[in-house]
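Architecture and fold: a report
Chain residues, written in single-letter form:
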Amino acid sequence: MTEKPTTAPRPTAEQLLAARDTTIEDVTAPGLRVLFCGINPGLWSGATGHHFARPGNRFWPALHRSGFTPRQFRPDEQRQLLDLGLGITNVAPRTTAKADELTADELRAGGAALTERVLRLRPRVLAVLGIGAYRTAFGRRTASIGRQERTIGDTEVWVLPNPSGLNAHYTPDALAAEFARLREAVEGAG
């Protein structure tokens, strides 16, 4: 039986409002196996300081169901990912209620900053979580889900579906399957 993670206290309306336009700390280190890259933090993440913190976000379940983690971690356990060679960052650092509040200029600037971060940290794989954000941030209008032809230095680039609960195009099973494709490729190259 899979251990059900406990939930953190719900941020208040005031805390969520105060989180708008703030930033949260990346979970990174040099030489990771995979650096997962969200579009930008949501208000819940801004209020808690934890990536993919909103209940209903499917990042943590997909990470576990795909075999990247031995159990489903809670957002407040995000730093434990480093022990597994995994990390988290974002294309755009600014917290918003919805990713569509970001401008194309913000995404392009975020793509440039992300490129610098990847060149400095040199993860084996950068996995961008969201096809639309990837296309805008990196000027790749025809990109699709999966491994990209483009690399950043020695780092492979993958695009995975956005794990937000708002992304109705992918069921939890389909999302976990895409994460598993990446895990299998990383382990096969290891």
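What counts and how
Residues numbered from 1 in each chain as written. Predicted model: local features only at pLDDT ≥ 70, side-chain atom pairs only at ≥ 80, totals over all residues. Heavy atoms only, no water. Helix = DSSP H or I, 4+ residues; strand = E, 2+ residues; numbered from the N terminus. Buried < 20%, exposed > 50% of the residue type's maximum accessible area, 1.4 Å probe, protein only. Polar contact = N/O pair within 3.5 Å; in protein donor to acceptor, adjacent residues only side chain to side chain. Contact = heavy atoms within 4.5 Å. Expected span 1.5 Å × (residues − 1). Phe/Tyr/Trp six-rings, centres within 6.5 Å; stacked < 30°, edge-to-face > 60°.

**Observations regarding unusual backbone geometry**
Look at Asp21: it is not a glycine, yet its phi comes out positive at around 65°. Here the phi dihedral of Arg122 falls at roughly 50°; this positive angle occurs in a residue that is not glycine. Within the element layout of this structure, Arg122 appears in the loop between helix H4 (104–121) and strand S3 (125–129).

**Remarks on the side chain of Ser66**
Its place among the elements puts Ser66 in the loop between helix H3 (59–65) and strand S2 (86–90). Residue classification places Ser66 among the buried residues on the basis of a relative accessible area of 3%. Engagement of the side chain of Ser66 in a polar contact is seen with the backbone oxygen of Leu63, the distance being 3.0 Å. Setting aside its immediate chain neighbours within four residues, Ser66 contacts Ala176, Phe179, Ala180 and Arg183.

**What to know about helix H6 (residues 172–189)**
Under the 1.5 Å per step criterion, the end-to-end length of H6 is 26 Å for 18 residues, consistent within 8% with the ideal 26 Å. Those residues of H6 lying buried are Leu175, Ala176, Glu178, Phe179, Ala180, Leu182, Arg183 and Val186. Contacts from the buried residues of H6 go to strand S1 (34–38), H3, S3 and strand S5 (155–160).

**Side note on the packing of aromatic side chains**
The tally for this structure, following the rule as stated, stands at seven aromatic pairs. Ring centres of Phe59 and Trp60 lie 5.0 Å apart, and the angle between their planes is 85°; on these two criteria the pair is classed as edge-to-face. The same class applies to Phe59 and to Trp60, which are both buried. When the ring of Phe59 is compared with that of Phe179, the centres are 6.1 Å apart and the planes differ by 65°; the resulting orientation is edge-to-face. Remark: Phe179 occurs in helix H6 and Phe59 occurs in helix H3; sequence separation between them is 120 residues.

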